[in-house]
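Summary of structural features
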Amino acid sequence: SFTEAEFHSFMEMLYISESSQSSVSFNDLIGKNRFKNGIVCPHCNSNSAVRNGKRNGLQNYKCKACGKYFSNTTNTIALKSKYGLDTWKEYIECMMMGLSVRKSAAKCGISNATAFYWRHKILGALQNITEIKQKLSGIVEADETFFPLSFKGNHSRDGFVMPRRAKKRGSSAKQRGLSHNQVCVPCAVD
């Protein structure tokens, strides 16, 4: 879980501060803050983007360098969000309290599907932050865990050839540790 300072840092990264009015939409808030230092294309990082009209109330841009179109919310967690800032704040707090998707959805007044989708958007944003800025130092603990390799789904129509025979649900791998039946996930904690 986050410390109080980490929570405020995360909220600022999402352009949510304590002074933000809850009546403003999340899209408008990002629109005001994202390009305050100049318009930068999220696809090629060029500064040669120009305004290109509005669509559904959102400012659109076109990059002269790569020719791609984007808006204020492109590559952000607010993309296609119709909910207000207060709902987002409440949902992030639910995540930080460790509530399940269903409990978070009920508390915030959103559907289970939206809560699930938001959770993955937020976790993806956190992953992007850690990939860029996170550097472990001091005492670092590292370990690995193994998960059974899953080929879930019906592959009869897509041409995928299973590398092994299908297993019943819940069956354990034949070998412990390194094997072709398990996926290793390394973990490290500062």
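Structural notes, computed from the coordinates. (Residues numbered from 1 in each chain as written. Predicted model: local features only at pLDDT ≥ 70, side-chain atom pairs only at ≥ 80, totals over all residues. Heavy atoms only, no water.)

**Here we look at helix 4 (residues 101-108)**
All of the buried residues in helix 4 are Ser104, Ala105 and Cys108. Axial view of helix 4: buried residues confined to an arc of 100 degrees, hence all on one face. The outward face of helix 4, more than 90 degrees from its buried face, is lined by the exposed residues Arg102, Lys103 and Ala106. Directly after helix 4, the chain includes Gly109, whose backbone phi takes a positive value near 75 degrees. (Buried < 20%, exposed > 50% of the residue type's maximum accessible area, 1.4 Å probe, protein only. Helix = DSSP H or I, 4+ residues; strand = E, 2+ residues; numbered from the N terminus. Arc of directions from axis to C-beta.)

**Focus: a nonpolar patch on the surface**
On the surface, a nonpolar cluster with roughly 220 Å² of combined accessible area is contributed by Phe147, Val183 and Val185. As for its placement among the helices and strands, Val183 is situated in strand 5 (residues 182-189). (Patch = residues over 30% accessible without salt bridge, like charges linked within 9 Å, V, L, I, M, F, W, Y side chains within 5 Å. Areas by Shrake-Rupley, 256 points an atom, 1.4 Å probe, with all protein chains shown as cover. Salt bridge = Lys/Arg side-chain N within 4 Å of Asp/Glu carboxyl O.)

**Concerning the sheet that holds strand 2 (residues 58-63)**
Pairing is antiparallel across the open sheet formed by three strands, whose spatial order is 1-2-3. Every other strand in the sheet has two partners, leaving strand 1 (49-55) and strand 3 (69-71) as the edge strands with one partner each. Taken over all neighbouring pairs, the strand axes of this sheet differ in orientation by 35 degrees on average, direction set aside. Pairing geometry for strand 2 and strand 3, over three bridges, is antiparallel. Within strand 3, the position partnered with Tyr61 by the bridge is Phe70. (Pairing = 2+ DSSP bridges. Axes fitted to C-alpha atoms, helices over the stretch in contact; angles between N-to-C directions.)

Structural measurements only, silent on function.
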